[in-house]
Every structure is written in structure tokens, then in C-alpha cells.
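# Commentary on secondary and tertiary structure
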Amino acid sequence: MSERAIRLLLIDDEASIREVTKATLEATGNWDVTLADTGELGVTLATEINPDLILIDLMMPDMDGIATYAALRQQESISKTPVAFFTAKANMEERQQFDDMGICAVISKPFEPLSLSADLMKLVGPDNG
Amino acid sequence: MRESVGGSDPDLIGGSPVSRARYLLLTLVVAVGVGVTLLAALSSMSNAQRRAQDAFDEEVGLHALVAEDRIHGVLEAVEEVGDLFDSSSFVSDDEFLTFVSRALGRHPELQSVSWAPLVSEAERTAFEAQARTGGAIGYEIVEYAADGTLVPTNRRDAYFPVLYAVVGDDGASGYGIDIATWPWTEGIMEGARDTGRAKVTPSFQSSTGRQVAILQPLYGRGLSTDTVADRRASFIGFVVGEVQPSVLLGHEGSELLAQRTKDGVAAMVTESLASGDRLTLLKEPGFDDASPEFIVSFDVHAANQTWVLTVESTTSFYATRDRIQPWLLLMLGLSITGLVSGYLIILQRRSTTAEAMVATRARQLAVANSALSREINERTAAEVQAVAERGQLQSILDTTVDAIITIDGGGLIQSFNGAAQSTFGYAPEEVINKNVSMLMPEPDHSGHDQYLRNYQTTGEAKIIGIGREVTGLRKDGSTFPLELSVSEAPVREGTLYTGIVRDISVRKAAEAALADSEARFRLLFESSPAGITLASGPNGIEQVNPTMLRMLGRSEEEVIGKILADFTDESYERPRTGSRALIMSGETETTVSERLLRRANGDALWVQITAAAFRDEHGAAVGIIRTVEDITVRRAAEERLAESETRLRAMLESAPIGMAWSTPGEPMQTVNPKLREILGRTDEEIAGHRLSDFAAPGPQPRDGTTQILAEGPSETVTEERRLLRGDGTAIWVAVTASVVRQPGGTLNGVLRMVEDITERRKAEEELRASEERFRVLIESAPVGIVVSTETESAILANPAMGHMLGIKESEILGKRLTEYWYPGYAQEAGGSRAPLLSGETDRLQYQRLLQRADGAPLWVNVAASAIGTPNGPRLVMRVLEDITERKLAEEALRESEERFRVLFDSSSVGMTVSPLEGGTTQVNPALARMLGVETSSIIGKALSDYWYPGHEQRDTGRNQLLIAGEAEQVRYERLLQRADGAPVWVNVTATVIDDPNGTRLILRAVEDITERKHAEDALRDSEERFRDLFEVAPVGIGLKDAENRLIAVNDELATIFGRSTEELIGNRLKDYLSPTAVLENKVGFARLVSGELENREFEHQWVRPDGEVFWGSGSERPIRAVDGEFRYSIIAIEEVTERKKVEQELRRNEEQLRVLFDVAPIGLTFKDKNNKIISSNPAAQQIFGRSQEELSGTSLKEYLAPEYESQRAGSTAKVVSGEVDTISFERPYSKGDGTTIWARGVESAVRDSDGNYLFSIQAIEDITERRLAEQEIRESEERFLFLFDSAPIGIAMVAPDRTVMTANQALAKMLNTTVEEMRGGWFGKSFPPDPLGAAEPSWSKVLSGEVDYWQSERQVIAPGASAGWVQITSSAVKDGSGRFLYAIRMIEDITAIKQAEVEIRASEYRFRSLFDSSPVGIALVDHASLITSSNAALQEMLGAEAEEIVGRQLGDFRSPDDPRGGGARSATLADDPDAAGYVVERLFRRRDGSEMWAQVVTAHARDDDGAFLFGVRMVVDISERKQVERLKDEFLSMVSHELRTPLTAIQAGVGLAASGALGEMPDKALRMLNIANDNTHRLTRLVNDVLDVERMTAGRIVLERVTSLLSSMVEQAVQAVGAIAAQSGVHVESSPTSGSIVVDSDRIIQTLTNLIANAVKFSPPGATVNVIVTDKPTSVRFDVQDQGRGVPKEQVARIFDRFYQVDASDSRVYNGTGLGLAISKWIVTEHGGSIWVESEQGVGSTFSFELPKHE
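So, a few notes on the structure that sits alongside this text. Fair warning: this is a prediction, and the values are worked out from it, not measured in the lab.

### Quick notes on the packing of aromatic side chains
- Enumeration according to the criterion identifies 19 aromatic pairs over all chains in this entry.
- A ring pair is formed by B:W1102 and B:F1110, whose centres lie 6.1 Å apart and whose planes are at 25°; its orientation type is stacked.
- Feature note: the residues B:F1057, B:Y1072, B:F1098, B:W1102 and B:F1110 constitute an aromatic cluster, connected by ring pairs.
- One cation-aromatic arrangement involves A:K109 over A:F86; the distance from NZ or CZ to the ring centre is 5.0 Å.
- In this structure, B:R1104 is placed above the aromatic ring of B:F1110, and the distance from its NZ or CZ to the ring centre is 4.0 Å.

Right under this line is the structure:
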């Protein structure tokens, strides 16, 4: 564990998911989790807090994960921030496509609560890890 | 034992009154028995026989009823298996067989049902080999030995073929159906296989007793069984049902029969064979063929087979029934009576004995409590009975197939039968007196006691008397579904409960499979590309699928309840018997028909309907399922084809050329009348033959048409062959073979067109002969001829050429003409062959100076022309003419000209040269001198410029005569003025000359005649003066007096007489006469003086003083006085000596003429008017071969050749009469030596000056040679004309004005006219050139020689013409100088070809319209898959114009979003034989950006050898289907999301709570959380697995193959199960592995994780799971070994099935979903690998899979 809490921005439209994910990370690691329930809010928050990692739900109403990702990438200040997708979709077919987009990982839902922290930690750069 | 007990039973002690009563009863019984017996015997005596018959009938009735029923039942049971097989296409074979054996195993009559697959040749050989060596192959094959016993096959010396093998129940034995020992079995098996119906074998002895086998054939699912051949091909084996004959014949298993005696009747079952024989199938041992009294046979129809059941009475029947005579009854009655009496007696005696014993015991035992004793005895008896009953019950229980368990009221097991033992796996001692709940899993396990108590207390029955499905627990811990029925039996101790347990796990599995199958069927029904309707009764269609509705264009409501006929077009004639009737009557299984339907919108729709019955469980047809396919397009194509074929046939029949149709490599199939005519053979003689069979003996061009056509690329081959006609004559034919292809391009057949070209061949031979003559001509030509190649190397030189050069002609060959050029001479230009070879010109002419071998110069004129065919090698032919002589002459001329020039310049006569139009171009110095000027000043001037001024010139305009060409030369005089002003008289002689250039010039010779003019002037002055005296000045004139003396003379006279005038005057002229003339002269003068003569003339010879005699001619006229007196006379004398000399000369000439006459080379004769020869010259004598004497006095007429006698007589008379001046003749004469000569002559008459005939001269020439030559020419001409007239093609010779010079008969016939009518007419009259047709050269080009060969096609417009279209081949004929003479035009009838072209165009049009109007996009592609053409549908689909599509690949239009990569060009599929029928789905993008999903079907047209011709790509728009698929994907995706999202929250929340991360929990809560956590994981896995399976089956999973490290994959999988392993205390070990493989690594990790997780789950704590990876050269194998309980052998095959678990409890115990292995299997199979398990129960399992390596 590092001295400083790692800032994670979680963008997910499901309140329950937001809550359990935040609880999980805070219980199992030194995470500072910021929540956003829409892509728009997520983009705004991302520029404000400049998180170490952004986790975006793929299936969201209005602005979905891919659109949110695209919007994030247009923000210069956070263009280098690692982004992972959070998805309940099972099909692996799109994974290659995500790799091409520059997504560093796809976290499947449901996730294993005890290992989520460790899994996400790998995605954060060595400065933070 | 009981008897002994009973024997000592004190309870039987009785008193004596009882004994007495018994005696009375005995007596009564005997009396009644005897009486009744006697009565019965008496009454039965009369109808004994009838009762025997009745008895038999009753037996037979039972036999027949039962046997027939059994036979039906058994056969249909077996037959059902086949139906089940066919209808269970989604069940694996293993599943099917397991199910079948379970399902049918209960059929009471069937002993077993097994599966006898068709043994392949290889397999059989393996069986045999192994059996021979005695090795075990899992089971042993036994067979029948000759003595009828079964022996293991490996004991036999020789091996018999075994067709089918059946494995025995124990898996270690079995039997083969051995066709060698049972020859009839082969027939039955084949019969079953070929008819598709069950067959029964005759009974045989097997290890389980006498049996028959029922063979039910099975065929591959989905394969056709329409014909015997189909069935043989698709046959896969038999379902073999084994039955004991006695069962079938009704003797066993039937309670009805078991109660009856079977004695007396026996039964036999036979099968009717086609031959009328019967094959005995089943026979009872008691059946004998001795003629029985009672016999009955009847047919049993079962399994579509007719059997005969025969029942007859046997000997024993008679023994027992036949003699049921009254005495027998009597005996029977008496016996019964006796028996009853005996019983009573024994009873009586036992009582007596007992009484004695009781008495003894009573005495021995004083006290006895009799009541107690009775009670004890009663209980003992009950116990004995109970024991006996229990034993009986146990034996029953032990033999039932259902497990039967009895428990007491406390739930303790009391009995446990054999079936229960095998079902639950417990031995009886393990369960007896234990609680029955041990056989139940939770919750029943815990609840059972409570259930039981509840029932006992409340009587509320939950299961008593009701069958219900519960779960059982086996000893091994596995659970299974069972059907339980419980009955209760009150016993003394309380109540016993008996449970009958039936294992229904197999049934359950089957039910699940059935439900699965049903769902699949529903899906199939809904999504079938063909329309489907279902109808079970007369109520019409009950179900219809969406495709069918689309086809009909109607809604479901409109279709339900209707029948197809309601949608059938009125024009369609339905068959009298509908498919329904055929199928329902069982006449056929399926029907296929085509009919025309009418869609809702009125469109016609041709469909093919396949109707088949669907059947109930008894096999009865209950409904019809119809599959309806849209064949509209196919029908239309077929109709067009039929139409086209009819036309083709008509064309064939009427074709003017022979035609034969054959498929490649086959004899001719269709031959038209013309070909029969050509071959001179009948159809029968031709049938079965190839054309080559009629080849004439001798060498033939190779008959390789088929080969050539197959090799391509040519579609048509023409060759000439020599054939033998039926009458033995040989003919030449031209055979044009063309391939005919099917629409797909495959070779359909070869059409041969055969033309009789014998005539043409003959003509060609004549042509060759003619060419030979040409060669001879060249050889003998007087001019040199050299033919050279393009490189100027001489390849031919004629002898004349060699002669010219003074060498042998052979020396010239290979040389160039330049090698003979005269050394050092500059040759003129113009010999280049380039323009000849390029065709720029066809003739060159130039001169060359060559050097002969002897060094002499040789001037030649060379005419070079190109020869050879336009396309063939061009040759240059040079004709060299020796012009050396002419050249020398020209040289001489040039020298002469030079001399003339010198003369001109040095001549003293002035000369000028002027052109005709005036102006002087040349002048010589003499003229300049004459005019006193410089020569140069005269140039350009005319002579008239020097005319003397003021002097009138005479004869002006003379020059005009020259210019006009009226005179060659003119003379005139001119007075010119010199430069110094002096006059010059000149005489000008102007002559027209030609200069070397051909220009006409005027040469004027100007002679200075000034001097002469002066003299003339003087003379004129004198004449003026002496005009009177000398008016006749040019002659000598003298005046004479009467004395004949001269009184005056002029100078001329003096000159004539050589004397001076003075000498003459006074003298007489007669004195000077030569002596010979004196007399005559004297007489003349006197008469003149006397006046007798007015004048006189004379001609005398005089003598001059010098003695010279001269001739003088003169006249004398007297001049008289007025009175007439003679005064003097004037005499004029002219010297005529010269004339006289000429006369003498003439005489001399005549002499010369005579000599000429004698030596002339032509014959000359003189004839008199009587036509008699006066004289003849030697030449004439030679011509006629007769001497002068012989000829004289004869007439030439006499020598005429006989055939000319009397001809043209009298022509001489015309000459004589003067009617004609000359006649010419040409006649044959007989020569003196008898030979015939031809002579040509001209006869001219010679007349005197008055025109009187004197004689005739005949000039005669021998023209025999010429005549012979002419004769030859004429004959040659005749031959040509013959050829011309008899040529089979039309020929016309066309004059420059385009009129027909002549034409042949063939043309006349073709145009329905005559040659005479055509002559002089316009050639194009009957077939005018088509102004819109193919360009023909303009006639002016033909005339100018620009074009000398052309072809054209024209339409014939002549009425009645036999040809409709002709091809005209024309050649210009030119003379030696290249001037056009006439054209030879050959007209061929190409009507048939044109018609064929029209047909082809029509056919092409039809294809084109089909192509264009097809709703399916079609592209034709070349070898490189590049599109060569596309139809409108495709253009619309691709949103592109035709031009944009051509030359591109279909792939070029693919969308970038196509999952397979947009715009990717496909490799050529042309060489891939599998590519045909290749179907892919592609996403295309149109130009407007819209996209379309399409199915692309590839088809290739190939020829016989498989060579690619062209490809077809058919594109069907499947966007709609894709849309549905996409919706399904989205649905799946949505479901996935919707299921996982709540799960995420649950899993995270529960997991977190359970982990303790959220703080301490009460133990109970923690436990609950752990349970929740576990179940959440389980649910997550289930959702994942179910979605995986869903996507797997929908084909939505696409493997992403990448190169993956083996170690990494194993590591990730091991890591994934790390937590579970740790939890279970199982150690997972993996071997380190290097290497990699191209796979979808996530999927392979998933598989490995699955297998490892399974291994961990099933391993006991402390065990090790080994993961072994073996990197092989072409594959990688993964093994996962565990030390678990192992997989039962019988379940190995099914373990990879979906939802399969070895033990039903596993899902709970191990948290499995039952899908893991199925998913693993799918992944491995998708990778092209295989997965399997090897297991030993109790030791462990190894799950392995192997993946192939890909490049």
C-alpha cells in the first residue's frame, strides 16, 4: 500500500454497483473512489479530480462507455490517464477492439471483490503503485 | 416336516361318533359319484366328436389370438426403434441406443434389443484376425458350427464372414450373424435391408435358449431411402430384437395359456416367400408334418410382412382328446369317486390313529391345559404358514424387475429384493433392519420418519397407493430419479409398507432430450427456408411456418384450415390420387410433386411439395407434413429448355447437313436424316456406333475432337475424314464438332455436323494436279524465275534462270540475287522487297545488270511480286527477262544521238529545234551565221521574228499541219533579214521529231537559197521573154517544116539530143533515131502532113552524137494555115530513158518474186477459176506432203480431212465471182503420208484492170501445232466448266460492270433461276448488299485492284430460293499487268448457320433476360475472380453501375465493417475444387453508404477434365435475417447485462461481508453469508456458462487465434483455480513447458480452468492434480490428472454432454453447472482438436485434449 490513496473515478449508472464497488475498494485497499452516475458527469469530474484510474461501465443510457471514453480522451489533462472498462457483457469478441482503442483492461462484472483491488492496482502506473 | 409335526398333533384327537359319521359320508359319496359318472358318460357318447373339434378350436383360438398379438407386438416394438431413430436426429447414437434398450427392455416379449452395426470390411477382417489368434477384442464372437452348437469362432480352422456383430450383455461375449453357416440368414438380412422392413430369422439355439432374431434395418439419418439402391447405400445396421419362439407362439408369459394344457396342439410360423415356398420361422417342438385331423392356417400381417400361422392337432391331441369316449368319462368319474372315497378313508384312518395316540398321551400326561395347547398349536401352524408364504413372496420379489422394499411401521427395512440391490447398490444384509431413509437424499432423508409418523397418526396419505417421482440415493452417493408406489399391508406386528421403486433416470434423460428435440424442431419449423405445413386430418392445414406464409403472401389466418388445393392455380391439373390418400393408405412413405400455386397478389408460384406422414407411437400415419419449395425459377428454366429442345430437334431433322449428338466418350445418340443419308445407313446400323466406327480403311486424320474440345480453349473443331458408306463407297466428310454446355458450363455433349465434301476433295486433287502443271510451267518457262524468302534467300530457281546466268539453277538456291550483280555497276534503285512484303504494292519492276558466269554482262528486266497467303509466310517471286539485246540497242541509240548532236552543231545548214507551241530552244551556229547574229540571241525567238520587213511570206501556217499531226514534214520558203539588213532567202524544212522523253519537237532545217532565188529570178525574166516559144519549156521543143526539118529548137531539145541548137536546125530528128525505130516514125509524119492524123505520139530510141542511146517520148502536132494547109509542126520530146529503165527493173523484180515464191516459208498456190491448182511452191508441197506434179490440176478440197469434206464448198466460187476479195480458211487436211495437219490459209483473187478474174493465190500456213495447243486449252476449259457447273457451291463470274458473265448450276438452283437468266444481270439482284451489314469493299476498290479477296454475308431475296443466307467469297482475277478482268464469287448457303446464330441469339437472349431479371444478384467471374458481367439485381444491390463492377472482385464492394475485413480481395477460387457450392456471408457497402448483408454462393463451371471455365457468384440479400440475428445478439447482450448487474452487486456485497472486511459478524450470519457467497459464485458461473452455450450454439463465438505461450496459459488456468484448490486442500502441479500454439488463448485457458477445477473438485483433500502439457510436432496435448473417484465406464461417453453430471448430487455437492465440459468440448472442437477422458473408478481420471498446430 502506498502512502497516498489512489484516486479512482468510477462511472456507472447503477447505484448499487457504484456503492458495492466503492465499498469493496475502500475495504480492501487504499482507494479514494469518486463516483459518477453518467458519462457527462464522469468527464467533468475527471477533469476536476484528475484521477489515477478511470473505470467506466460500458452499458449506460445516453452516453455509453465508449462515448464516454472518447470524450475523456479529448480532455488533454487526462488523456494519459489509464482507463478500464467495466462490463457485464460476456462476449470476448469486442476485447480486441478495446485493446485497439487504448483501453488498458476490461473488468468483468460480476467481479471478485477480494481481488478487484489487486487487479486494478496493476493498471495504475508504478508512480502510484 | 410339517407333516411330522402334524402327525403328532394332539389337536387331531377326536371321538368315535365322528368316525361313524364319516363312514356314512363315504358311502354317500361313492354312491353319488358312480351315479353321476355313469350319467355323464352316457350323455357324452353321442357328441364326443363334436366336442373334440370344439376343444381343438378353442385351443387354436387361444394360440392364434395370443400368437398373433405377440408377433404384432414384438415386431412393432422393434420397428418403433427405427422410427425413434429417424425422429431423434438431435440425439447422439449412443444416447439413442441407451434409451432404446431401456425403453424397450420392458417389453415382456422381447428378451433383448441390441444394435448390430454393419461391419465394415476392415473391421470384419480385424475381428477375424483377432478372433483367430484368440485375442480379446472386448467381446468374443461365437457362431454356429455345423452341428448346430455355438462355438467360439477362434476355435474354427477357417473363418466365415460375419456381417453383423452383436455384443452380449456381459460385454465379453456376443455373437456374429454368420452368413456362411446360415445362408438363408443372408437372404433375410438383405431382405430386411432392401425392403426397410423388419424381418424375423428362423429360430436358432443361442446361449439363452431357442430364439428368433428380429432384424429392423436402420438407415443413416437424413439419407434417402426411396429406392433399394438408396437403402443399400444408407444402410447402417440392424436393431436386433431377440425373442424366444415359445413366447411368440403364446406359450409363455400369458396367464391365459399358462393355466391351460398345451397338449394336443402345436404351432408353426412360416413366412410366405415370393417363390411360393414357405420359410419356416418358428416351430414348436411338437409340430410334426403327419397329416393331422385338425389343422388351421391363417395369415398374420405384421411389419409389412405376411406370415402364416399354422396350428394343428398332434398325436397327443388324439391321445388326450380324440378318445374322450364315454368310457373315459366313466373311468374319470369313477376315479374321482375313488379318490374322494380314498381321501375320506385316509382321513378316517388318521383320526383313528390320533384317537389312539391321544388316549395313550392322556394316559401318559395326567394334566394338560387343552386350551393352552390349542393356542400354542394354532400359533405354530400360523408361523409355519407365514414362513411358507414369505418364502414364496421372496421368490416373487427376487424375480421382479422393479426394486421392491418392505419397511415396517418404524421405517426399518424388512425386505430388499434383487432389483433393489442392483438399483441401490446395497446387499440385503447392509440394509435390513436399517432405516429406509438411508436410501433417500436430503430433504427426504431427514423428513421420512416424520412423514411416516404423520401418516400413522393422521392417516393422511401422501404417497400410499400413488406413484410419484422422488429421488433415490445410491450406496455410492449418487442420486437418481425414481418412481415410487407404496402399498401398505397390515400384519400382526403392525403394518408393513411395500415400496415398488422404478429407476426412471433414463426415462427422465430421454424426456429431457425429447423436450430439447421438440424445441429444436420448433425452431427448425419457424426458420426453415422451405415452407412447411402440417395437417393431421381433413380439417386442412393446422400449422404453417412463416416461410410458407411469405411464399403464399398470406397471413396465418388465411391459411389455417385451408388445403393447398385452395391456393393452387386453376390451370394446374391435380393428380387423381392426392398425396394424402397415397400416404394415408400406406402405399408410399413420401410423395414429391410439383404444382402451380397462386400467391395472394396473383403471382404464379411453382413449388415442389414433399409430403410425408408423421405417425403416432403405433406407427399409424396420423397426419401429413409438407415441405414446400419455391421452384418457380427452375420451372421457368425447364419450360424454356423444353421449348428450346423441341426447336433444336426440328432443326436437326431438317438440317441440310448431317448432325449427330453424343455425350463425350459415348456413341452417337441422335442422328439426323441427313447424316443417315450421308452415311448411307439406317438408324439401326448407326445405333451404338461412334462416327469413327465408319472410318474408311487407310490413314485417317486423328479422331481427337473430343480430346481437343476437352482441352480447350476451342469450342469447335473441324476435321476431314474418310468414311465408308453403307454401300461400301468411301466418301470424304468434313466433321465440325462443337461442344454444348450446360448453363453451369459443364460439358453436356458434342454436336457433330457432317458435310459430304467428297466433291470438294476431288476438286482439290485436281487443283493439286493443276499445281503440278504450274510447276512444270515454271520449269519450262523461257524467262528466269526465282522465288525467295523474306530474307531474300532463293528457294526456287528455274532452269531458264540458270541458263541466263550460265550456271546450274541449283547453284542459285540459298543465294541472293545481289550476288550476281555486275561488279562496279551502280544499279538503279527500286528493288526493295519491303513494299511487297508489307502489302503496299503487289508488283515491282526494275532492271538489273548482272554478270554471267562467263563474265559477260546480262541485262535483265525484273518483275517482282509477293506470293503466299496473306497470313502465311510471304515469298517474293522474281521473273527475270533477258533484255541484254535491247539494252545494247539502246546504247547504240545513245551513241547515235551523240553523233546527231555533233552534226547539228557542225552542219552548214541552219537548224533550230522548237517545241510545238513555239519558241526556239536550240539553234546551230550555221543559222546564226546565216542571220549574222549570235546563236544565243535566237534562243526563245521564232523564225518569224527575222522575217524581212514588209515582204509578204507565202505558205504561212504550214507549221500548223505539223502541229495538228496532218503532216510529218513541211517545206516552205522565207525571206529573212540578216542583222546587217541584207535579205536572205531560205528554204525551211520543218519536221516533227520526238525527243527521247517523248516530247514532240519541230526541227527546222534552214537552207540558204538566196543564190538559187536570184537564179530563179533571172529565169523568170527569161521566161517572160520567151514564153511563146518555150511554153512547154521543161521538154525539148522544136518546130518542123513540111520537109520534116527542124526550124527552131529550144535548149532542152538540144540537151536531149546532145547537140547544139544550131546543129539541130535544118536537120531531121529521124536521122538521130536508133536504127530499130526509123520505119515507124516515117509513116507517122507523112500522115500528119497529109492531114490524116491530127497529131501523133511516139516513143523512140535516139542516139546522141556520143553514141548514147536514149529514149524519147514525144508528140507532134501540126500547125496549119487557116485553109488547113500544113505549115509546120511543133514537136515536143521528153527524155524517158529513166522510165524505161524502171520498166526493166520491174521485170527484174518479177523474177525475184518468183524466187521468193519458191523459197517462201508459207505455202503458196495459184489456182484457176475452176479451183484447180496451177502451181504451188515448195512450202505448200511440204505442207500437203505432195509434189508439184501431184498438186497441179487438183483442188485442195480433195485433201480435206474426211470430217471436213463437202464443208464450206463453193467459197472459192465467191472469190471467182468477185463477191468477195479474199476468203480465209482453217481446215484439217490429210497429208500425203496419211497424217492430218491443220492448215490456215487466205485466198485472194487476182484480177485484171477491168476486174476480170485471172487467178487466185492461196497462202497456206501449217497450224497443226497451234491447233493442238488450242485443243488442249479447250479441253482444259471444258474441265473447268465441268467443275464450275458441278460445284456444290454457287459460283459466278462477275464482270467489271458487276453483271454476271456466267454462273453455275448450283447457284441457279440456289436462287431458283437459270444460268441463262442470270447472265448479263446484276450480280446482286438476288442478294443485294446490305447497306447496314458488314462492310464490303466498294466495287471501285475492287476495280482499282486495291482489294482482290473479300467475303461477305448477304440475305437472299429471290422468290423460291433454297438459301436464306449466303456467304460470298470473292476473288479478283487480273491480267498480267494487274488490270482487273473479272471476279470469281463463290456463294455458299449458310442459311443453317445463320438460323443457328439466330437460335443462339434467341437462347442468349433468354439467358440474358433470366440473368437480367433474376432477383438474385449474379456475377460471372473469370479465373482471377474478377467480374466479367453482372446483372441488374447485383448492380442494384451494390448500388453501382455495370461498368463500375466489371473487372473488380465482389470483395471490393465489401464494407469496411465486414467482420471478415472489408474490401479484402479473395484469392482465386478457380483451382479449388471445393469452392463450388461455397457459401459465405458478407457485408457490402453501397456507394450511398447503405449496407447490405448478403449470402454469396460460389459456383464454378468446369469442363470434363475439371478445368475452370468461369465462375458464378450469386448474391442474396439476407439483411433481414441478419437484422433478426442482430436483434438476437442484442437480446443476449441485454440478458447478460441484466443478469450480471444485480449479480455484481450481490457478489461484491456478500463477498465483502463474508470476507470480514466489513467487520466482525456473528458466526451464524457469517455462515449464511458464506452460503450466499458460494451460491452467488455458482449462479455467476451458471449465467456465464449458459450464455456461452447460447452463443456457442448460435455460432456467435468467433475464435481469436493468436500465438500463445503454453506455459502462460497453464499458469493462468492454475492461478484461476488457486483459491478453490487451496480451500479444498488439493495441490495443483503443472510441468514447465516452453513452446507456443496459435489458439484463442482465453478460450483455451477457460477449458483448462474448467478441467482443473473439475479435477480439484473431485479430488479428496491432500490429493494432487497434475497438469501435463506435451508439445508434439503437429499438435499440443494437455492432460489433467486427478485422484478422484473416477468416471463410471458407461458414463464416459456422455460426460461431455450438456447438463450431464456423473452423479445427480454432484451439482449440489460440487457447485457445477453441468455445462463446463460441454463448453470445453465445443472450444476444443472449434479449434479442430479432440477431447476425451480416461478413467478408472476409484483411482482417478485423466481429462485430455489435443489441439492441432496451425501455420
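### Points about the interface of chain B and chain A
- Each partner contributes to the interface: chain B provides 25 residues, whereas chain A provides 22 residues.
- Summed over the shared surface of chain B and chain A, the result is 0 salt bridges.
- Our enumeration of links across chain B and chain A arrives at 3 residue pairs in polar contact (both at pLDDT 80 or more).
- For the side of chain B that touches chain A, the secondary-structure elements that each account for two or more residues are helix 47 (1519-1555), helix 48 (1563-1594) and helix 51 (1641-1657) of chain B.
- Of all the elements, helix 47 of chain B adds the most residues to the side of chain B that touches chain A, at 14 residues.

### As for the packing of helix 1 (residues 15-28) of chain A against helix 47 of chain B
- Close contact between helix 1 of chain A and helix 47 of chain B brings their axes to 9 Å; oriented N to C, the two are set at 30°. Taken together, the axis directions place helix 1 of chain A and helix 47 of chain B in an arrangement best described as roughly parallel. Read as a crossing pair, helix 1 of chain A and helix 47 of chain B show a hand that is left-handed. On the side of helix 1 of chain A, the interface is formed by A:S16, A:I17, A:V20, A:A23, A:T24, A:A27 and A:T28, while helix 47 of chain B contributes B:T1541, B:T1544, B:A1545, B:A1548, B:G1549 and B:L1552.

### Examining the environment of B:E1746
Residue and element names in this part refer to chain B.
- With respect to the element layout, E1746 can be found in strand 65 (residues 1740-1748).
- The class of E1746 is buried, set by a relative accessible area of 19%.
- Measuring from C-alpha to C-alpha, the distance between E1746 and D1671 comes to 9.8 Å, with 75 residues separating the pair along the chain.
- A distance of 2.8 Å separates a polar atom in the side chain of E1746 from a polar atom in the side chain of S1675.

Criteria and thresholds
- By convention here, each chain's residues receive numbers from 1 onward along its written sequence.
- Starting at A for chains and at 1 for ligands, labels are handed out in the order in which the entities are written.
- A pLDDT threshold of at least 70 governs which residues receive local features in this predicted model, and a stricter bar of 80 or more applies before side-chain atom pairs are shown or counted, although totals over entire chains, interfaces and linings include all residues.
- As a rule here, side-chain values cover all heavy atoms of the structure and leave hydrogens and water aside.
- Here is the rule: rings of Phe, Tyr and Trp (six-membered ring for Trp) pair when centre to centre is within 6.5 Å. Planes less than 30 degrees apart are stacked, more than 60 are edge-to-face, and the remainder are tilted.
- Any Lys NZ or Arg CZ found within 6 Å of a ring centre and within 35 degrees of that ring's normal is scored as a charge over the ring.
- The contact rule is simple, with two residues in contact once any of their heavy atoms fall within 4.5 Å.
- Should a side-chain nitrogen of Lys or Arg be within 4 Å of a carboxyl oxygen of Asp or Glu, the pair is scored as a salt bridge.
- Polar contact criterion, stated in full: a pair of N or O atoms within 3.5 Å, where within protein one must be able to donate a hydrogen and the other to accept it, and residues adjacent in sequence count only if both atoms are side-chain atoms.
- Each helix corresponds to a stretch of at least 4 residues labelled H or I by DSSP, and each strand to a stretch of at least 2 residues labelled E; elements are numbered beginning at the N terminus.
- To define axes, lines are fitted to C-alpha atoms, for helices over the stretch in contact only, and angles between the resulting N-to-C directions are given on a 0 to 180 degree scale.
- Here roughly perpendicular refers to angles of 65 to 115 degrees, roughly parallel to angles under 35, roughly antiparallel to angles over 145, and oblique to all remaining angles.
- With the far helix as reference, a near helix turned anticlockwise by less than a right angle produces a left-handed crossing, and one turned clockwise produces a right-handed crossing.
- Buried residues are those whose accessible area, probed at 1.4 Å on protein chains only, stays under 20% of the maximum for their type, while exposed residues exceed 50% and partly exposed ones sit between those limits.

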